Each structure stands twice: as C-alpha cells, then as structure tokens.
Amino acid sequence: MEMVGTITSAIAAVRDRISAAAQRAGRDPSGIRLMAVTKGFPQQVVLDARAAGLSLFGENRVQEAEQKYLDLPGGLELHLIGHLQRNKARAASGLFACVQSIDRAETAEALHAKCEERGRTMDILLELNTSGEPTKSGFLSRRELLAGLESIGRLASLRVRGLMTVGPLSEDRERIHSSFAMLRSVFEELRAGGGLPFFDTLSMGMSSDFEIAIEEGATLVRVGTALFGHREQK
Ligand SMILES: *Cc1c(COP(=O)(O)O)cnc(C)c1O
C-alpha cells in the first residue's frame with residue numbers, strides 16, 4: 001500500500017513532466033505512451049505499478065523478464081528493450097508483445113520463425129544507434145537500417161511498428177537533441193514512404209532525457225528510475 005502510494009505520486013509527477021514537454025512542443029500528451037521499465041526491480045514493483053494504473057512495461061533481458069512476468073495475469077503489455085540474442089528468440093516469442101531492439105536481419109528472421117510456429121504476429125521496432133557510442137546496440141547507420149528493413153519488412157509474422165534509440169550518455173543537451181532528431185528524420189522518411197502500414201511508434205527518451213525526446217517527437221518514452229528510484233544492479 002505504502003509502495004503503491006509512492007509509485008502513484010511518481011507516476012503523476014512523470015505524467016506532469018510529459019504534459020509540460022508536450023505543451024512546449026505543441027503536441028497532444030495523449031499521443032505519448034509511458035512505459036515502465038522494471039529491469040533491476042523485483043516483481044512486486046510490477047504489481048504495484050500495475051495497481052497504480054500502468055499497463056505498458058519494458059525489460060531489457062529475456063531471462064529476467066521470464067522470471068518476473070511469466071506468471072502474471074494478462075492485461076499488461078510487455079516489450080523487450082534490450083539486445084535480443086538469436087538463441088533467445090523462442091523464449092521472446094512467448095513473452096513479449098513487441099521487441100523494440102531489432103538490430104539485425106538475422107535476429108528478426110529467428111524471431112519470425114518462432115512466431116510463425118506459435119501462429120502469432122509480433123510487433124517490432126528497429127533500433128538505431130544514434131549516439132555513435134560503441135557500447136550501445138542498434139543498427140550502426142541509417143543506411144544499414146534501411147538495408148535490414150528490406151528483408152525484415154517481408155517477414156509475415158512481424159509487424160514493423162517504428163524505430164527506437166537510446167540517447168547519448170551526455171550532459172550536452174544539443175547532442176541529445178540531435179541524436180533524437182536523427183531518429184525522427186529516419187522515422188518520417190519511412191512513414192512518408194508508405195510501405196509500412198503499421199508504422200506509428202517512435203520510442204526514445206529515458207528518465208534523464210524523455211522531455212527532450214518528446215520535443216523531438218517521441219510517441220513512447222521508457223522510464224525506470226524516475227518512477228521507481230535507483231536500481232541496485234546496472
Ligand atoms: C534501463 C533502460 C531504460 C530506462 O532507464 P531509466 O534511466 O531508468 O529511466 C530505457 N531504455 C532502455 C533501453 C533501458 O535499458
């Protein structure tokens with residue numbers, strides 16, 4: 001109860017910041033989805049966040065997500081936001097509504113095969129490394145992403161819903177803006193191209209930079225620390 005109260009006020013504070021950023025950008029805040037990132041937090045945090053009204057959740061490891069989410073009741077939407085290894089495609093196909101972190105055609109093909117076996121379709125986002133930081137995953141350039149999309153776009157069990165990035169680890173707001181602006185321009189280009197009927201999601205922004213991401217057009221922000229406090233691991 002105590003914890004739910006704390007989370008409820010943290011959610012309200014984050015929603016206020018989302019609304020303020022949307023307003024600055026002349027956007028409707030209802031066009032921005034808030035994802036609760038629960039990596040590094042126990043299952044109780046998921047339950048409390050759910051009780052406090054959140055329904056969209058993100059984890060960055062398949063195994064941790066399995067431990068925390070497999071036995072939960074339905075009605076919550078779970079996305080993978082960390083790198084997917086091919087040998088985890090089977091587990092991922094049973095667990096996630098969306099994999100946001102597709103960064104190569106081979107992984108998408110493995111995921112498609114497992115989804116096909118289960119008779120399901122899955123939403124995916126393509127991740128672009130917009131910061132140039134080698135520790136970050138994602139396609140390394142717009143050109144590589146477009147090349148990957150050539151084959152990924154043909155995989156019948158996967159619906160390409162949009163793009164995702166992790167901004168640079170930097171205090172330099174201009175760098176963060178340009179990282180997000182880069183993703184947005186690829187997003188607009190692909191959307192204008194018209195070949196992707198479900199293309200509507202621009203996932204960018206975390207606790208430290210979601211307001212900048214909203215100013216640059218994010219439709220989904222991924223927030224952990226600002227909702228739940230600091231993680232012990234990672
Ligand atoms: C951990 C993580 C987040 C959330 O980070 P916070 O700083 O805790 O808000 C968002 N996106 C990805 C890909 C992450 O790994």
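Our subject in this report is the structure included herewith. (Residues numbered from 1 in each chain as written. Predicted model: local features only at pLDDT ≥ 70, side-chain atom pairs only at ≥ 80, totals over all residues. Heavy atoms only, no water.)

1. Notes on the overall build of the protein
In plain terms, the rule: Numbering of helices and strands runs from the N terminus; a helix is a DSSP stretch of H or I covering at least four residues, while a strand is a stretch of E covering at least two. Radius of gyration here is computed from C-alpha atoms only, and the compact-globule reference equals 2.2 Å multiplied by the residue count raised to the power 0.38. Here the term buried applies to any residue with accessible area under 20% of the maximum for its type, exposed to any over 50%, and partly exposed to those in between, with areas from a 1.4 Å probe on protein chains only.
Along the protein, the regular secondary structure elements total nine helices and eight strands. Whereas a compact globule of 234 residues would reach a radius of gyration of roughly 17 Å, the protein reaches 17 Å, a difference of no more than 12%. Expressed as lengths along the three principal axes of its C-alpha atoms, the size of the protein is roughly 50 × 40 × 30 Å. Taken over 234 residues, the protein has a buried fraction of 50%.

2. Structural notes on the packing of aromatic side chains
Here is the rule: Each pair of aromatic rings taken from Phe, Tyr and Trp, with Trp reduced to its six-membered ring, is defined by centres within 6.5 Å and is described as stacked if the planes are under 30 degrees apart, edge-to-face if over 60, and tilted in the remaining cases. Consider the ring centre and the ring normal. A charge sits over the ring if Lys NZ or Arg CZ is within 6 Å of that centre and within 35 degrees of that normal.
The full count for this structure, using the stated rule, is three aromatic pairs. The side chain of Arg-159 reaches across the aromatic face of Phe-198, ending 4.3 Å from its centre.

3. With respect to the site of the ligand
Selection criterion: The near set for a molecule or strand comprises every residue that places at least one heavy atom within 4 Å of it. The definition of a polar contact used here is a pair of N or O atoms within 3.5 Å, where within protein one atom must be able to donate a hydrogen and the other to accept one, and adjacent residues in sequence count solely through side-chain atom pairs. Each accessible area value is a Shrake-Rupley result obtained with a 1.4 Å probe; residue values ignore everything except the protein chains displayed when judging cover. Here the term charged refers only to Asp, Glu, Lys and Arg, the term nonpolar to Ala, Val, Leu, Ile, Met, Phe, Trp, Tyr, Cys and Pro, and the term polar to all other amino acids, Gly among them.
What surrounds the ligand is the set Val-37, Lys-39, Asn-60, Ile-81, Val-166, Met-206, Ser-207, Arg-222, Val-223, Gly-224, Thr-225 and Arg-231. Thr-225 is positioned with one of its side-chain polar atoms (N or O) 2.6 Å from an oxygen atom of the ligand. At 2.9 Å, a side-chain N or O of Arg-231 approaches an oxygen atom of the ligand. For the ligand, whose free accessible area comes to 390 Å², the fraction covered by protein is 90%. Of the residues assigned to the shell around the ligand, the class counts are five nonpolar, four polar and three charged.

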